[in-house]
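Here's the letter readout for the chains.
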Amino acid sequence: MILCKFNGKQDSRIGWFSAKGEWRKKMGGTAILITGATGFVGHALARRLQRDAEIQIRKTYRAAPLDGATGDWVGVGDIGPDTDWSKALAGNEVVIHCAARVHVMHDAGSAESLAQFRRVNVDGTRNLARQAAAAGVRRLVFVSSIKVNGEITTGLPPFSHHSVPAPQDAYGISKWEAEQQLWQTAQETGLQVVVVRPPLVYGPGVKANFLRLMQAVQRGLPLPFGLVDNRRSMVYVDNLTDLLLRCAVDARAASQTFLASDGTDLSTRSLVQHLAGALGRPARLINVPPTMMHAVTGLIGKKDVADRLLGSLQVDSSHAQTLLNWTPPCSIEEGMEATAAAFLAQTASTG
């Protein structure tokens, strides 16, 4: 396990509560339901709670029962307006809602696609919130997305909790609409709602583009980012779970929207260099003008890919730091090291 720093000292117990047992003091018998506990964030959150807190947790899965699943697992089937959450909600005071129809790179943003996102992320979230309120749940923490704010901040200030939402794709739109449904439910029922919008989340087991970039660096492939000087915010999964747990128990978090990040923004060039160092490989960067890459990707219909690799997307997470006295426990270097170590271990085990 990576050792993260607390007050200048290293501690293997991740989190704001570790040094003085603050977590157990605040939880005091609270029971937590984690939806989407088989997903990347939900799984890390469940693992964290099981390791650090002597509290009751319940976890949901969508499809077939998991191998070796114990009594703290509850199957709910497909998530939508008619999902029955009653068994999962019974006896819980807090829900951390990680389950969602996630963003996919090849999504064309069609009307049909938006309807599918809305069924799970909007209608499903509203249904969960209303059932939670009726079951006596005190607080619901919603894992939203920075895509609610938009896609890029190139030439603009970083996104903050004051920024006007401007979602651009079906996933972002559905997350923004889900947030609005939660605020309406909170007003009507008294359910406490907290919204957390993370940017790209990375960590052991990360998939998609981050994994592909690690694979390219590990293979020593030349990458054309030597001249890219953008700024991208990310959040290590243990930093995100730390913030989610703070939002679950801190009274000051109620009715707030927080943006999450590691607090250090990297250019795509710097990201490759960080990964190369963590993987013990040289960073093979080629100096290709970003304007040329923009032009080429535009011609082949991949402008969105260029925006993510070459544009900036910065997140100001100071609201959580100021209001909740929260600081990401792990540095970006520690997060990269843990991610790379897990990747190398997985690569070695699979040959």
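What to know about the overall build of the protein chain
Looking only at helices and strands, the protein chain features 12 helices and 11 strands. Across the 351 residues that make up the protein chain, the buried fraction comes to 51%. Partitioning the intrachain contacts of the protein chain with sequence separation of at least 6 by distance along the chain shows that 79% fall at a separation of at least 24. For the protein chain, the exposed surface amounts to about 15800 Å²; the carbon and sulfur share of it is 52%.

Notes on the packing of aromatic side chains
Taken as a whole and judged by the stated rule, the model has 4 aromatic pairs. On the numbers, 5.9 Å between centres and 65° between planes, the contact of Phe117 with Tyr171 is edge-to-face. Linking Phe117 in helix H4 (residues 111-134) with Tyr171 in helix H5 (residues 170-189), this pair joins segments that are 54 residues apart in sequence. A relative accessible area of 1% means that Phe117 is categorised as buried. Overall, Tyr171 belongs to the buried group, its relative accessible area being 10%. Centre to centre, the rings of Tyr202 and Tyr236 are 5.6 Å apart; their planes meet at 40°, and the pair counts as tilted. Of this pair, Tyr202 sits in strand S9 (residues 200-202) while Tyr236 sits in strand S10 (residues 234-236), placing them 34 residues apart in sequence.

Digging into the sheet that holds strand S6 (residues 94-97)
Consider a sheet: its strands pair through backbone hydrogen bonds, and that pairing is either parallel or antiparallel. Within the open sheet, the 7 strands sit side by side as S5-S4-S3-S6-S7-S8-S11. Their pairing is parallel. Looking at strand neighbours, the two that pair on one side only are strand S5 (73-75) and strand S11 (257-259), the edges of this open sheet. Each strand axis lies, on average, 20° off the axis of its neighbour in the sheet, ignoring direction. Of the strand pairs in this sheet, strand S3 (residues 32-35) and strand S4 (residues 57-61) are connected by 3 bridges, and their pairing is parallel. Each bridged residue has a counterpart across the sheet, and for Ile32 the counterpart in S4 is Ile57. Where H5 meets the sheet, its contacts fall on strand S7 (139-143), strand S8 (192-197) and S11, and the angle it forms with S8 comes to roughly 160°. Contacts between helix H7 (residues 237-249) and the sheet are confined to S3, S6, S7, S8 and S11, with S7 contributing the most and set at about 155° to the helix.

Digging into the pattern of salt bridges
Evaluation of the coordinates by the stated rule reveals 13 salt bridges. As a salt-bridge pair, Glu177 and Arg118 come within 2.7 Å of each other at their nearest N and O atoms. Of this pair, Glu177 sits in helix H5 while Arg118 sits in helix H4, and the two are 59 residues apart along the sequence. Taking the relative accessible area as the measure of exposure, Glu177 reaches 21% and is therefore partly exposed. Take Arg118: its relative accessible area is 31%, and that puts it in the partly exposed class. A salt bridge links Arg231 to Asp229, with the shortest nitrogen-to-oxygen separation between them at 3.0 Å. A cluster of three or more residues bridged by salt bridges with shared partners is formed by Lys147, Glu151 and Asp169.

Structural notes on the pairing of S3
The two faces of S3 match: Ile32 and Ile34 on one face and Leu33 and Thr35 on the other face are all buried. Pairing of S3 with S6, which is carried by 4 bridges, proceeds in the parallel orientation. Bridged to Ile34 within S6 is Ile96.

Side note on the environment of Thr347
Mapping Thr347 onto the fold places it in helix H12 (residues 332-349). Measuring from C-alpha to C-alpha, the distance between Thr347 and Gln215 comes to 9.7 Å, with 132 residues separating the pair along the chain. Polar side-chain contacts of Thr347 include one of 2.8 Å to the backbone oxygen of Phe343.

Structural notes on a nonpolar patch on the surface
Taken together, the side chains of Met292, Val296, Leu299 and Ile300 define a hydrophobic patch exposed on the protein surface, amounting to about 450 Å² of accessible area. The exposure class assigned to Leu299 is exposed, which follows from its relative accessible area of 77%.

Concerning the nonpolar core
Within the largest apolar cluster, 64 residues are counted, with the highest numbers of intra-cluster contacts made by Ile96, Phe210, Leu244, Cys247 and Met336. Per-element tally for this core: the top contributor is H7, with 8 residues. Apart from the residues within four sequence positions on either side, Phe210 is in contact with Leu200, Tyr202, Met234, Leu271, Leu275, Met336 and Thr339. Residues Ile79, Leu89, Val95 and Val120 belong to the second largest nonpolar core, which totals 22 residues.

With respect to the packing of helix H6 (residues 208-218) against H12
Across the interface, H6 lies against H12 with an axial gap of 11 Å and an inter-helix angle of 75°. Regarding the angle of H6 to H12, the classification is roughly perpendicular. Packed against H6, whose contacting residues are Phe210, Leu211, Met214, Gln215 and Gln218, the element H12 presents Met336, Thr339, Ala340, Phe343 and Leu344 at the interface. Of the residues in the contact of H6 with H12, the class split is 7 nonpolar, 3 polar and no charged.

Some points on unusual backbone geometry
In this structure, Ala208 takes a positive phi of about 55° despite not being glycine. Among the structural elements, Ala208 can be located in helix H6. Backbone geometry places Asn325, a non-glycine residue, at a positive phi of 55°.

Calculation rules
Residues numbered from 1 in each chain as written. Predicted model: local features only at pLDDT ≥ 70, side-chain atom pairs only at ≥ 80, totals over all residues. Heavy atoms only, no water. Helix = DSSP H or I, 4+ residues; strand = E, 2+ residues; numbered from the N terminus. Buried < 20%, exposed > 50% of the residue type's maximum accessible area, 1.4 Å probe, protein only. Contact = heavy atoms within 4.5 Å. Areas by Shrake-Rupley, 256 points an atom, 1.4 Å probe, with all protein chains shown as cover. Phe/Tyr/Trp six-rings, centres within 6.5 Å; stacked < 30°, edge-to-face > 60°. Pairing = 2+ DSSP bridges. Axes fitted to C-alpha atoms, helices over the stretch in contact; angles between N-to-C directions. Salt bridge = Lys/Arg side-chain N within 4 Å of Asp/Glu carboxyl O. Polar contact = N/O pair within 3.5 Å; in protein donor to acceptor, adjacent residues only side chain to side chain. Patch = residues over 30% accessible without salt bridge, like charges linked within 9 Å, V, L, I, M, F, W, Y side chains within 5 Å. Core = buried A, V, L, I, M, F, W, Y, C linked by side-chain atoms within 4.5 Å. Parallel < 35°, antiparallel > 145°, perpendicular 65-115°, else oblique. Nonpolar A, V, L, I, M, F, W, Y, C, P; charged D, E, K, R; others polar.

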